[in-house]
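Coordinate analysis (summary)
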Amino acid sequence: MEGLLHQVFAGLANGAIYASLALALVMIYRVTHFVNFAQGELALCSTYSAWALIEAGASYWVAFVVTVALSFAMGVVIERVVIRPASRAPALSVVIVFIGLMVALNSVAGWIFGYSTLSFPSPFPAEPPFGNHYIGSHELGVIAVTLGMLGLLYVFFRFTTLGLVLRAVADNAESSRLVGIRVERMLGLGWGLAAAIGAVAGIMIAPIVFLDPSMMSGVMLYAFAAALLGGIDSPIGAVVGGFIVGVLENLMGAYVIGTELKLTVALVLIVVVLVVKPSGLFGQPVAARV
Amino acid sequence: MVAGAFDRGIAGAQRDGVARRALSVATVVAIVAACAIPLWGSPYQVFQMTLVVIDAIALLGLNLLTGYGGQISLGHGAFFGVGAYTTAVLIHSWNVPYLLTLPCAGLVCLALGFVFGLPAVRLDGLHLALATFALGVVLPQVLKYKGIEAWTGGVQGISLEKPAVPFGLPLSPDQWLYCVALAVAAGLFALARNVMRGATGRVIVGVRDSPVAASSVGIDTALTKAATFGVSAMLTGIAGALSALVVQFVGPDSFTIFLSISLLVGIVVGGLASISGAVFGALFIQFVPNLADDVSKAAPSAVYGVVLIVSVYLMPYGVSGLLRKAKARAFAWIDARHSRSVTSQPTKPTKQGS
């Protein structure tokens, strides 16, 4: 029983990371209708810059804030320079651009920081909180940070004018343009936010999986599964999907198929969702005009 | 890009037939010569060129699906890997003659691709890209699985022996494998070229360009897509099987997502929806990363990333697209010269009445 609870809590902590990345995917999908294959590598670059800042002597939270700001800027720049010129191209070209971006960012990280595995500090104490045996401080901290970030995003989208404008663009870009919204600028904002969310996720998972250029490949697969399970256009779905995938992955790994086949869970989940319910748990079914 | 073939066919009838024929004969001679050259190279060069031929087959398979069929696969390295493992397991565990393992690997991948293609039929481009990406990422982990270690050798993989040269031919084993790969490639390329020019090719392209129109003239779009997926996987799987023979080793980490991305780079650089593009793409993915590797470990993937992005903006139809444009320009030049020499004599410009 204790083992089971431990697995569930560890799964929730991982799930929080998947939820954040899935949310970043949903953010970009909502405003551009593209799946950002490079999301994981964006987060990887962010995590490396946080590591470099900490190595240079910055305190953890200073490095955290600076990295999130830098990542926001990086997201805006990439949207402007790489993605926007391709935005009217067919889906195949866009996917190729995203894969190119993914490979390029990954190699930049490897080129600058090398391919050895680095350890990344955790801001939370090493002992489990309140003397419990089920969940470590870092895991609890990850869940808290993720939920805090989700709360901030909810407030931003629900109660600020800028959030409302961004929602309008996501819902109907053309009408938004007609009422005077600068749609391109909002797309940049969406990308910036997604990159910033990814940065938080990367910094939070780095102490768990350690920092190296292949760190995000497995994590991103679960995030894709989470986004699809929740519905690729639903922010709530992304969060719920993230936690479900995290717990499912850990339980399957511990009790059913063993840790060495854990990634297969993501593949099976993706295929099953796409076959049985392509719109996911919370997504809008897509109706195409013929 | 497909309409181009029609234009050329219609316009070509009026063109200078001799120049055209000379060019096609020259092309064929050049191809045959180019294929023979490696036989005089060093063993390593022969080995490298064999890999180019194999990559070309794999790219042909992917291009059938992605270029002609319009279905995005980011996980074709998985079929390459399954083909390679099928051959390795058959030879290692059951002593099957190596030439017989090639069709077996093809059939296994055909079935696998068809089954994977069935649900994929309902997905649009992005979702299919996601599902195939997952397949590509997951395969190495499945190959390492302990439950099938008795056959696959687990993390260790399987080592194979080089097949012997038959009939006492005066060839080294490397040269013999080069000839085998070349023969298989020639057959598959001829097949693909003819199929894509015929009714089946029209159906595949039609389903890509307008699924609604295709289904309203009675084409089973679902079956077409799944079958294209299967045949594409089969070609790539045969390439994988050949690679197992040539490299004499299969291991789970030879078939990572990076292989799938290399294949994508290959068809993008070579030219989407082009048969000859597979050859250019294969040359690119065989030689450019090797050159870049001398600079830094990160350089090959950096080159891939930049090339992918730049190709989309600067040469959307790849090298073969550029060549096609150059050829069209050359013919236009011939036509212009021809018509000047023919028409300038008899038809004098009539004087306008004053």
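A brief report on the enclosed structure follows. Because the structure is predicted, anything quoted here is derived from the model rather than measured.

What follows deals with the state of the cysteines. Residues and elements named next belong to chain B. Going through the model one piece at a time under the given rule, you end up with 0 disulfides over all chains. Counting only cysteine sulfurs, C109 is the nearest neighbor of C104, a cysteine outside any disulfide, at a range of 11 Å. The class of C109 is buried, set by a relative accessible area of 0%.

With 39 residues of chain B at the interface, the matching set in chain A holds 41 residues. Of the roughly 3,600 Å² buried between chain B and chain A on both sides combined, carbon and sulfur atoms contribute 82%. On the chain B side of the contact with chain A, B:L126, B:L130 and B:Q141 bury the most area, a combined 18% of that side's loss. For the interface between chain B and chain A, the tally reads 0 salt bridges.

What follows deals with unusual backbone geometry. Glycine aside, residues mostly have negative phi, and peptide bonds are mostly found in the trans state. In this structure, A:F210 is a non-glycine residue whose phi angle is positive, near 70°. Mapped onto the elements of the fold, A:F210 is located in the loop between α8 (183-209) and α9 (215-230). Taking relative accessible area as the criterion, A:F210 reaches 42% and is therefore assigned partly exposed. The phi angle at B:Q248 is positive, at roughly 65°, despite the residue not being glycine. Structurally, B:Q248 is set in the loop between α11 (221-247) and β2 (249-250). Overall, B:Q248 belongs to the partly exposed group, its relative accessible area being 23%.

With that settled, the discussion passes to the side chain of B:S260. Locating B:S260 in the fold gives a position in helix α12 (residues 257-270). Once you skip the residues sitting within four places of it in the chain, B:S260 turns out to touch B:L74, B:G75, B:H76, B:G77, B:A78 and B:G136.

Take empty space enclosed by the protein next. Per the counting criterion, the structure on display carries 1 cavity of 30 Å³ or more. The computed volume of the largest cavity comes to approximately 50 Å³. Lining the largest cavity are A:V271, A:L274, A:V275, B:F116, B:P119, B:A120, B:L123 and B:A131. Where the lining of the largest cavity is concerned, the elements lending two or more residues are α11 (262-276) of chain A together with α5 (98-120) of chain B. Taken together, the residues of the lining of the largest cavity sort by class into 8 nonpolar, no polar and no charged.

Below, the discussion takes up the side chain of A:E249. Residue and element names in this part refer to chain A. Turning to its location among the elements, E249 is positioned in helix α10 (residues 235-256). A relative accessible area of 4% means that E249 is categorised as buried. Polar contacts involving the side chain of E249 include one to the side chain of Y18, which spans 2.9 Å. Once you skip the residues sitting within four places of it in the chain, E249 turns out to touch N14, Y18, Y222 and K262.

This part takes up the pattern of salt bridges. Residue and element names in this part refer to chain B. In this structure the tally under the stated criterion is 6 salt bridges over all chains. In this structure, the salt-bridge partner of K144 is D253, at a minimum N-O distance of 3.3 Å. Of this pair, K144 sits in the loop between α6 (125-143) and α7 (149-152) while D253 sits in the loop between β2 and α12; the two residues are 109 residues apart in sequence, bridging distant segments of the chain. A salt bridge links R208 to D209; the nearest nitrogen and oxygen atoms lie 2.8 Å apart.

What counts, and at which threshold
Residues numbered from 1 in each chain as written. Chains lettered and ligands numbered in written order. Predicted model: local features only at pLDDT ≥ 70, side-chain atom pairs only at ≥ 80, totals over all residues. Heavy atoms only, no water. Disulfide = S-S within 2.5 Å. Buried < 20%, exposed > 50% of the residue type's maximum accessible area, 1.4 Å probe, protein only. Contact = heavy atoms within 4.5 Å. Buried area = accessible area lost by both parts, 1.4 Å probe. Salt bridge = Lys/Arg side-chain N within 4 Å of Asp/Glu carboxyl O. Helix = DSSP H or I, 4+ residues; strand = E, 2+ residues; numbered from the N terminus. 1 Å grid on protein atoms, 1.4 Å probe; cavity = no way out; pocket = protein on both sides within 12 Å on 5 of 7 lines; lining within 4 Å. Points joined across faces, edges and corners; volume = space filled by probe spheres on them. Nonpolar A, V, L, I, M, F, W, Y, C, P; charged D, E, K, R; others polar. Polar contact = N/O pair within 3.5 Å; in protein donor to acceptor, adjacent residues only side chain to side chain.

Everything listed here is a matter of coordinates, which is why it stays silent on function.
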